[in-house]
Amino acid sequence: MPDRDTQEPGPQELLRVEGVVKHYPGVVALSGVSLDVRAGEIHALLGENGAGKSTLINVLSGTTQPTSGQVLVAGEPVQLRRPRDAQDLGITTIHQELSLAPELTVLQNIFLGRELRRGPFGRGLLDEHAMSARVQGVIADFGLTERDLRRPVGEFGALTQHVVEIIKALAFDARLVILDEPTSGLAEEERVMLFDHMRRLRERGISLVWVTHRLDELYGLVDRITVLRDGRTVATTDTTESTPADLVRLMVGRKTTSLGVIAEGRTPAERPADPRAEVLRLENVSRRPVLRGVSLTIAGGEILGVAGVAGAGRTELARAILGADRIDGGRILVDGEPVRIRHPRDAYRLGIAMVPEERKTLGILADFPLDKNTTVSRLGKVARLGLMLDRRRERAVTRDYIDELGVRTTGAGERIRNLSGGNQQKIVIARCLFTGPRLIIFDEPTQGIDVAAKAEVYRLIHRFVAGGGAALVISSEIPELLHVSDRILVMREGAIAGEVRPDLRGDDLEADERVSAEIMSLAARSVA
Ligand SMILES: Nc1ncnc2c1ncn2[C@@H]1O[C@H](COP(=O)(O)OP(=O)(O)OP(=O)(O)O)[C@@H](O)[C@H]1O
Ligand SMILES: [Mg+2]
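Here we summarise the structure given alongside this text. (Residues numbered from 1 in each chain as written. Chains lettered and ligands numbered in written order. Predicted model: local features only at pLDDT ≥ 70, side-chain atom pairs only at ≥ 80, totals over all residues. Heavy atoms only, no water.)

## Description of the sheet that holds strand 12 (residues 291-299)
With antiparallel pairing, 4 strands are arranged side by side in an open sheet as 12-11-14-15. The open sheet is flanked by strand 12 and strand 15 (337-339), the only strands paired with a single partner. Averaged over all pairs of adjacent strands, the angle between their axes in this sheet comes to 25 degrees, without regard to strand direction. Pairing between strand 11 (residues 278-287) and strand 12: 6 bridges, direction antiparallel. If you follow Glu-278 over to strand 12, its bridge partner there is Ala-299. (Pairing = 2+ DSSP bridges. Helix = DSSP H or I, 4+ residues; strand = E, 2+ residues; numbered from the N terminus. Axes fitted to C-alpha atoms, helices over the stretch in contact; angles between N-to-C directions.)

## Brief notes about the pairing of strand 9 (residues 224-229)
Burial within strand 9 is extensive, with 5 of its 6 residues counted as buried. Here strand 9 pairs with strand 10 (residues 232-238) via 6 bridges, running antiparallel. The partner of Val-227 across the bridge, within strand 10, is Ala-235. The turn linking strand 9 back onto strand 10 is made up of 2 residues, and Asp-230 within it adopts a positive phi angle of 50 degrees. (Buried < 20%, exposed > 50% of the residue type's maximum accessible area, 1.4 Å probe, protein only.)

## Focus: the site of ligand 1
Near ligand 1 you find 20 residues, and of these Gly-50, Lys-53, Thr-55, Ser-420 and Gly-422 are the closest. Between an oxygen atom of ligand 1 and a side-chain N or O atom of Thr-55, the distance comes to 2.5 Å. Within the contact set of ligand 1, an oxygen atom lies 2.8 Å away from a backbone nitrogen or oxygen of Asn-418. Here ligand 1 loses 89% of its free accessible area of 640 Å² to cover by the protein chains. At the level of secondary structure, the elements contributing two or more residues to the shell around ligand 1 comprise strand 2 (27-38), helix 2 (53-60) and helix 15 (421-434). Considering every element that reaches the shell around ligand 1, the biggest residue donor is helix 2, with 3 residues. Class assignment for the residues of the shell around ligand 1 results in 5 nonpolar, 11 polar and 4 charged. (Near = heavy atom within 4 Å. Polar contact = N/O pair within 3.5 Å; in protein donor to acceptor, adjacent residues only side chain to side chain. Areas by Shrake-Rupley, 256 points an atom, 1.4 Å probe, with all protein chains shown as cover. Nonpolar A, V, L, I, M, F, W, Y, C, P; charged D, E, K, R; others polar.)

These figures come from the coordinates and say nothing about function on their own.
What follows is the structure, given as structure tokens:
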């Protein structure tokens, strides 16, 4: 490998990162990262929550200044002082939290800050015509129509929002597109479409750097993989040369306890003594057209999984139970008594809580410390004599959760916005547990959570039901549902299409395959 010895860029090298370090007060986010990206390759970036993936991406996109180290594009050292510098070099970044303006149209978002104008020197009125002509050649490839360009971005789902970012990249001749966890908000079939889009970009000679926590997504798509651990690059490998087990080992290093957790099979919770009392019952609950006659029961000590494709009504079901949306038919019973849940407050009083799907909008108080974020829904529990907040107790409870969930942070007093995405999600789960509910609805609970921490979340769910709680787990990841659920309901077009039971021993791969196939066929079959 002559180019490695001489430090000369290889003919196909597009980007090189050398010894990049980033310090924050009290935290070393990056302590010497190297990365090289070839022209026209899909390069995955892996690492545990807090390993430094997003920080590296922020450096490459010009939103964060490194403490030291350098970045080279096509062999030339570059300075990325602001996002515009990166854009001008052909680097487009799609951040972990999408940053489009929902009220602006697709076209306005694509050209935001770089509008094409009429008149001399491009100072005149916006030239909508020129802007739409510029993207004309690519929109159809990515499933958008001319009319879509004039609709507000907020009307579209997560996949289209990614597509808008991709078209934006193409409109400005990007050479490198960086995607930070693009698939965590997507349903199964949307992920597959996004993968097609990624391949299409590669065919155009564009390089991609892509962050994911799902190792199953890598094979057949990604060319090479770089693994970060504790702010450092530990390895770069060809995808064909490493197994998922190798990658996990690289990510967690010698932390054998985490490895042990991953290797461990399903841990069926100790169930409370029978008879198990029913906690929640839905009879023919409707909210047309998204929910059509849904009936189900959940008992204390039970974990009910909910599967289904995007738009099948899973989140709508959760919102109806929680009183976030009004139902227009059927009834809801708690402990066998019919109840009216008109507002999440009503649900909360009945002991029903939810870990929401979108932590950014529903989950966190960004500028507050972790302890406030943990206790905010139930301040009474940390108040002395019901009046004064007991700061020590607040800190102590939060510290327990930090340990239990392996939250990577400087401490309970840290502002939550400084945590990595996956670590914020863990705090959202902690808050929910802290309210001491009887039923928790988990909507995609491990979105953005790394492999080792996933096992911790599953353990927490199991422990919660072992104490008599009831859990409803909505997930797009079938393996996750097989792992945690006692029963799995499959939803389709707003109704229950069927129920399956996973094999609870958890070591029978054939049984798991069989149940997954059942779930997929129930989810997909069209209603007569
Ligand atoms: N603005 C900031 N101030 C202080 N610390 C920060 C800041 N941004 C990131 N960090 C810290 O830097 C470390 C790396 O965070 P980063 O977001 O890069 O992780 P990540 O690999 O993207 O994790 P995840 O998989 O959870 O998204 C974490 O310990 C995080 O708390
Ligand atoms: Mg991140």
